[in-house]
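Residue strings, one per chain:
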Amino acid sequence: MIEVKNLSKSYGSVVAVSNLNFQVTPGTVTGFLGPNGAGKSTTMRMIMGIDHPTSGEALINGRPYRELAQPLRTVGALLEAKAYHPGRTAENHLLAVAAANHLPSARVKEVLEQTGLTSVAHRRAGNFSLGMSQRLGIATALLGDPEILLLDEPVNGLDPEGIQWIRSLMQSLAERGRTIFVSSHLMSEMALTASHVIVIGQGKLIADTTVDRFIADHSELRTKVRSPQIQELEALLNARNAKVNRTDPSTIEVSGMTTEQIGELASGNAITLHELSPMVASLEEVFMELTQGSVEYRATEPVGAAS
Ligand SMILES: Nc1ncnc2c1ncn2[C@@H]1O[C@H](COP(=O)(O)OP(=O)(O)O)[C@@H](O)[C@H]1O
Ligand SMILES: [Mg+2]
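Please read all numbers here as calculations on a predicted model, not as lab measurements.

### Quick notes on the overall build of the protein
Helix and strand content of the protein: 11 helices and 13 strands. The dimensions of the protein, computed from C-alpha atoms along their principal axes, are 80 × 45 × 40 Å. With 307 residues in all, the protein has 46% of them scored as buried. Summed over its atoms, the accessible surface of the protein is roughly 14,900 Å², and 50% of this surface lies on carbon and sulfur atoms. Of note, the protein has its 26 positive side-chain charges centred 7 Å away from the centre of its 32 negative side-chain charges.

Below you can see the structure in the form of structure tokens.
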């Protein structure tokens, strides 16, 4: 179990994390979602005892990381930076970490197997592709067979097969009762991976709920309508203050009215419909809407220090 209590972190005048409170519980994959610069990596570094809070605390099983008796057996993490010596082979890197942490060297073979690195175990990690580096980072995190796993944007730079692999790894660990905390700046990724989601923007908590609830609470129902009499229908809808958006000469997208209301309005006015279908808002739309104003670096601005 991870507990974050009144957690804040400032770097000079930049407030990276602002009074965060949440818990991450065992048995589920909890997504940590926020746009770039929202404070995800900073929060994760504080949980892992790498960064020190300006105020508040981050606890693992009730203690700060540095007070854990057997840290690698309790929590494993893949953080953003590459944390291995580039000249070492994958296997030697894992053997060194195992030795330093009094973990059985037999675990090395197991995690190489588990992360699909057995065939490259004797290659220098410095020559690894991003995908292989990510796998090695995860192998390192798994070495102590920890009950808690923290992964900071693990799918970045992975090919579709690698992404699929990480998703099923996280889900199978959660099913076996482990605590999985995984960050992403993509709502669509979280929807496929996580069942619970903690959303932050500008260092502040925006939502802490199930993924299903989050989508249901924040999606606006729209209806796609296709008709040979679209102009007539559009006029009727406008008169009722519905929001109408023409997408092609015979199609509109309507919000502000239910699908049923639109159907009845059409039939009551003898308007033929060729299509009347409710549209589920895309997850990315829901997320962007909610975190708008909390996106630190927009596409038009030069890329800053956020990662
Ligand atoms: N070491 C640092 N020094 C100064 N500012 C930092 C440092 N690390 C992060 N920040 C700033 O803190 C904010 C949050 O960053 P970060 O935690 O990396 O966000 P995320 O991981 O959600 O993209 C950003 O404004 C970032 O520029
Ligand atoms: Mg980050």
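### Observations regarding the sheet that holds strand S1 (residues 2-11)
What links the strands of a sheet is backbone hydrogen bonding, and the strands pair in either a parallel or an antiparallel sense. Strand order in this open sheet of 3 strands is S2-S1-S4, and the pairing throughout is antiparallel. Each edge of the open sheet carries a strand with a single partner, namely strand S2 (14-24) and strand S4 (55-60). Between one strand axis and the next, the sheet turns through 20 degrees on average, direction left out of account. Pairing of S1 with S2 involves 7 bridges; the strand directions are antiparallel. Residue pairing in the sheet places Tyr-11 in a bridge with Val-14 of S2. Packing of helix H1 (residues 40-47) onto the sheet brings it into contact with S1, S2 and S4, and relative to S1 it is tilted by some 120 degrees.

### Quick look at the confidence of the model for the protein
The predicted coordinates ought not to be read in detail in places where the model reports low pLDDT. Overall, the prediction assigns the protein a mean pLDDT of 90, with 92% of residues at 70 or greater. Scored below 50 in pLDDT, residues 296-307 shows 14 contacts in the model against residues more than four places distant or in partner chains.

### A word on the domain arrangement of the protein
A common way to express how large an interface is: the accessible area buried when the components associate. Its domain assignment divides the protein into domain 1 (2-217) and domain 2 (220-279). Each of domain 1 and domain 2 has a C-alpha centre, and these two points are 46 Å apart.

### Brief notes about the sheet that holds strand S12 (residues 251-255)
On the basis of which strands lie adjacent, the open sheet formed by 4 strands has the order S11-S12-S10-S13 and antiparallel pairing. Of all strands in the sheet, those with a lone pairing partner are strand S11 (243-248) and strand S13 (275-279), marking the two edges. In this sheet, neighbouring strand axes are inclined to one another by 25 degrees on average, regardless of whether the strands run parallel or antiparallel. Across 5 bridges, strand S10 (residues 222-226) lies against S13 in antiparallel orientation. In the sheet register, Arg-222 faces S13, and the bridge partner there is Met-279. Along the sheet, helix H10 (residues 259-268) makes contact with S10, S12 and S13, crossing S13 at roughly 165 degrees.

### Remarks on the side chain of Lys-9
As for its placement among the helices and strands, Lys-9 is situated in strand S1. Buried within the structure, Lys-9 lacks any salt-bridge partner; Asp-51 is the closest side chain of opposite charge, at an N-O distance of 4.9 Å. When neighbours within four sequence positions are excluded, Lys-9 is seen to be in contact with Val-14, Val-15, Ala-16, Val-17, Thr-42, Met-46, Asp-51, His-52, Pro-53 and Thr-54.

### A short note on the packing of aromatic side chains
On inspection of all chains with the given rule, the structure shows 3 aromatic pairs. Judged by centre distance (5.7 Å) and plane angle (45 degrees), the rings of Phe-22 and Phe-181 are tilted. Here Phe-22 is found in strand S2, whereas its partner Phe-181 is found in strand S7 (residues 179-184), with 159 residues between them in sequence. You'll find Phe-22 and Phe-181 in the same group, each marked buried. The structure contains a cluster of three or more aromatic residues connected by ring pairs, namely Phe-22, Phe-32 and Phe-181.

### Here we look at unusual backbone geometry
Here Asn-6, not a glycine, exhibits a phi torsion of approximately 45 degrees, which is positive. In this fold, Asn-6 is placed in strand S1. We classify Asn-6 as partly exposed; its relative accessible area is 43%. The residue Glu-153 is not glycine, and still its phi comes out positive at about 45 degrees. Position of Glu-153 relative to the elements: it lies in the loop between strand S6 (148-152) and helix H6 (160-175). On the accessibility criterion, Glu-153 (6% relative accessible area) is buried.

What counts and what doesn't
Residues numbered from 1 in each chain as written. Chains lettered and ligands numbered in written order. Predicted model: local features only at pLDDT ≥ 70, side-chain atom pairs only at ≥ 80, totals over all residues. Heavy atoms only, no water. Helix = DSSP H or I, 4+ residues; strand = E, 2+ residues; numbered from the N terminus. Buried < 20%, exposed > 50% of the residue type's maximum accessible area, 1.4 Å probe, protein only. Areas by Shrake-Rupley, 256 points an atom, 1.4 Å probe, with all protein chains shown as cover. Lys, Arg positive; Asp, Glu negative; His and termini not counted. Charge placed at Lys NZ, Arg CZ, Asp CG, Glu CD. Pairing = 2+ DSSP bridges. Axes fitted to C-alpha atoms, helices over the stretch in contact; angles between N-to-C directions. Contact = heavy atoms within 4.5 Å. pLDDT = per-residue confidence, 0-100. Domains from an automatic or database assignment. Salt bridge = Lys/Arg side-chain N within 4 Å of Asp/Glu carboxyl O. Phe/Tyr/Trp six-rings, centres within 6.5 Å; stacked < 30°, edge-to-face > 60°.

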